[in-house]
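# A look at the structure
Listed below are the residues making up each chain.
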Protein chains: 2
Amino acid sequence: MPRLTQAQAPLTRSVEVVDEFGQHAQVDIPAERALTLYVDKRELVTLMTLGAHPEWLVLGYLRNQGLVQQADEIESVTVDWDVGAAAVKTRSGLEDLEARTAHRVVTTGCGQGSVFSGLMDQVDSLALPDTHIQQSHLVRLVDIMRLQDTTYKSAGSVHACALFTLTPSADVELKIMVEDVGRHNAIDTIAGWMWMNPQHRWDRVDKVFYTTGRLTSEMVIKAAQMDVAIVVSRSGITQMGLEIAERLGLCTIGRATHRRFLCYSGKHRLQLQPEWAERPRA
Amino acid sequence: MPRLTQAQAPLTRSVEVVDEFGQHAQVDIPAERALTLYVDKRELVTLMTLGAHPEWLVLGYLRNQGLVQQADEIESVTVDWDVGAAAVKTRSGLEDLEARTAHRVVTTGCGQGSVFSGLMDQVDSLALPDTHIQQSHLVRLVDIMRLQDTTYKSAGSVHACALFTLTPSADVELKIMVEDVGRHNAIDTIAGWMWMNPQHRWDRVDKVFYTTGRLTSEMVIKAAQMDVAIVVSRSGITQMGLEIAERLGLCTIGRATHRRFLCYSGKHRLQLQPEWAERPRA
């Protein structure tokens, strides 16, 4: 297992504002820090992050970009906020790092925006697990998210991602919730956390992602890479997000608030129970 | 002036969804297209865009990344949606293109996420015009945006940016509103449009930006690069957005809906008229 620091930093900052009545007030805004990632002393990228879990973020970034295949390729991740640097030490170097980071795609993701172009090529090689979700559990999942104590509630302007599992008794369980100023950072952080918690045997459990952000192509690809066949969002979907989800047979559910939702793709994975819907509004 | 194609493509696509009552329905989702940008036949970047104004987007991208200083360095922009390509022909080549695109920063922006690292270095060299706004005009600006007919209203999941001018009679006038799946695309598109409309003598008029997205560092830097000293957002601000705005003396106003707002920085540019505020809620 990689050795990680546990770099701490405040997640919000109090600032003085003037409101429409001309009154001065203090409000919290989310922190945002530049974290420059060095792999074996070579600079790779600078991530702008809230900074809640920088070590998991770094691990998950390397994983989701396809730059590292196994956690044990990494010896350590050392984050130092004083210099805004994350130093990654690998056990035996990363192959082709130069070549694999040569292309840049600027994407629509809210947050971390770069996906190296090799990523799309991997889509067709992905096979998703046979996960299904009942409407009652979807409603429960959305309820659990609504009740979380979050930086969003105190400071706004951050996105949340969460990983749920569906247990054999078909109940839904929140495993981890991560917020970040970029929602791709949030999902990458979950990927890093999963690597550090292999005792859950992720390959054997049914997993569902929740995100407050839109279901873009990147979100769908990252979910699939992490063996997740169902993604739930408070927001909507973009065309490329939908196209890739359809290609993968991945279930995308958007506009999920309270008991409402729209299922865009992978409808066979959703077991409808319309008795769980709200009454239609007059 | 550069010669531009006028590549058209539908902005929304109708898709079939299943809702919480188990009912099938058609909803519109925003289009999202990959546009690969070639400068003098060399591949630069792939942008994911709604596709409303791809030629202005390309111009504004080159401008806001600091890769092109003057519109007349560009001979033509040719967009072909069949192959998802934008071919830029320059008059005499771009200097140092290789070197200037070598660094990558993955940022928090909702949308277009990459800013080449040279950008931050430019912040301190920027001087903003002496623009001020009255609270009554801010209220009017927010009203104008609320009444726009938008892709957001029909399909959701897009961000809008708009450019307003403050006329000598101190009224507020909407010049252009752009939506995109990435809000940085939206602001870049406005930058491109400004280059194509030099008759407005942008250097001589007071300008205000409106964005539906968060006020991140990138949004603030891009506004300043475009000589805009006041930025208004429906959303909040991030810490780095605020720090850079303070450094620049740029006025950031967030949470702007109806008559409400919070002014985070550059407060001297906002002329308060508390009589324009809503009555406080009981």
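Anything mentioned here points back to the structure above.
What comes next concerns the included structure. Quick caveat, the model's predicted, so the values are computed rather than measured.

Each value, and the rule that gives it
Residues numbered from 1 in each chain as written. Chains lettered and ligands numbered in written order. Predicted model: local features only at pLDDT ≥ 70, side-chain atom pairs only at ≥ 80, totals over all residues. Heavy atoms only, no water. Helix = DSSP H or I, 4+ residues; strand = E, 2+ residues; numbered from the N terminus. Buried < 20%, exposed > 50% of the residue type's maximum accessible area, 1.4 Å probe, protein only. Contact = heavy atoms within 4.5 Å. Pairing = 2+ DSSP bridges. Axes fitted to C-alpha atoms, helices over the stretch in contact; angles between N-to-C directions. Polar contact = N/O pair within 3.5 Å; in protein donor to acceptor, adjacent residues only side chain to side chain. Expected span 1.5 Å × (residues − 1). Phe/Tyr/Trp six-rings, centres within 6.5 Å; stacked < 30°, edge-to-face > 60°. Lys NZ or Arg CZ within 6 Å of the ring centre and 35° of its normal.

### With respect to the overall build of chain A
A tally of regular secondary structure across chain A gives eight helices and 17 strands. Within chain A, the proportion of its 282 residues that are buried is 61%. Of the contacts formed within chain A by residues at least 6 apart in sequence, a portion of 57% connects residues at least 24 apart.

### Description of the sheet that holds strand β16 (residues 260–265) of chain A
Here we have eight strands laid out as an open sheet, ordered β12(A)-β11(A)-β13(A)-β14(A)-β15(A)-β16(A)-β2(B)-β3(B), and mixed in their pairing. Of all strands in the sheet, those with a lone pairing partner are β12 (172–180) of chain A together with β3 (24–30) of chain B, marking the two edges. Strand after strand, the sheet turns through a mean of 30° between neighbouring axes, direction not considered. Relative to strand β13 (residues 206–211) of chain A, strand β11 (residues 159–166) of chain A is paired through six bridges, and the arrangement is antiparallel. Across the sheet, the residue bridging to C161 of chain A is T211 of chain A, located in β13 of chain A. Helix α4 (residues 135–146) of chain A contacts β11, β12, β13, β14 (230–233), β15 (251–257) and β16 of chain A of the sheet and is inclined by roughly 40° relative to β12 of chain A.

### With respect to the pairing of strand β6 (residues 74–80) of chain B
Residues and elements named next belong to chain B. Bridging between strand β1 (residues 3–4) and β6 involves two bridges; their strand directions are parallel. Within β6, the position partnered with R3 by the bridge is S76. The pairing of β6 with strand β7 (residues 85–90) spans six bridges and is classified as antiparallel. By the bridge assignment, V79 is partnered in β7 with A86. In sequence, β6 turns back onto β7 through a hairpin of four residues, with G84 there showing a positive phi of about 65°.

### A look at the side chain of T36 of chain B
All names here are of chain B. Within the secondary structure layout, T36 lies in strand β4 (residues 33–39). A distance of 3.0 Å separates a polar atom in the side chain of T36 from a polar atom in the side chain of T46. Leave out the neighbours within four places in its chain, and T36 touches E43, V45, T46, G84, A85 and A86.

### Details of helix α6 (residues 183–196) of chain B
Over its 14 residues, α6 of chain B extends 20 Å from the first C-alpha to the last, a length consistent with the 20 Å expected when each residue adds 1.5 Å. For α6 of chain B, a buried count of 14 out of 14 residues is recorded, marking the element as mostly surrounded by other parts of the structure.

### Let's talk about the packing of aromatic side chains
All names here are of chain A. Applying the stated criterion across every chain yields a total of two aromatic pairs over all chains. For the ring pair W193 and W202, a centre distance of 5.6 Å and an interplane angle of 55° mean the geometry is tilted. The aromatic ring of W81 is capped on one face by R33, whose charged end is 5.5 Å from the ring centroid.

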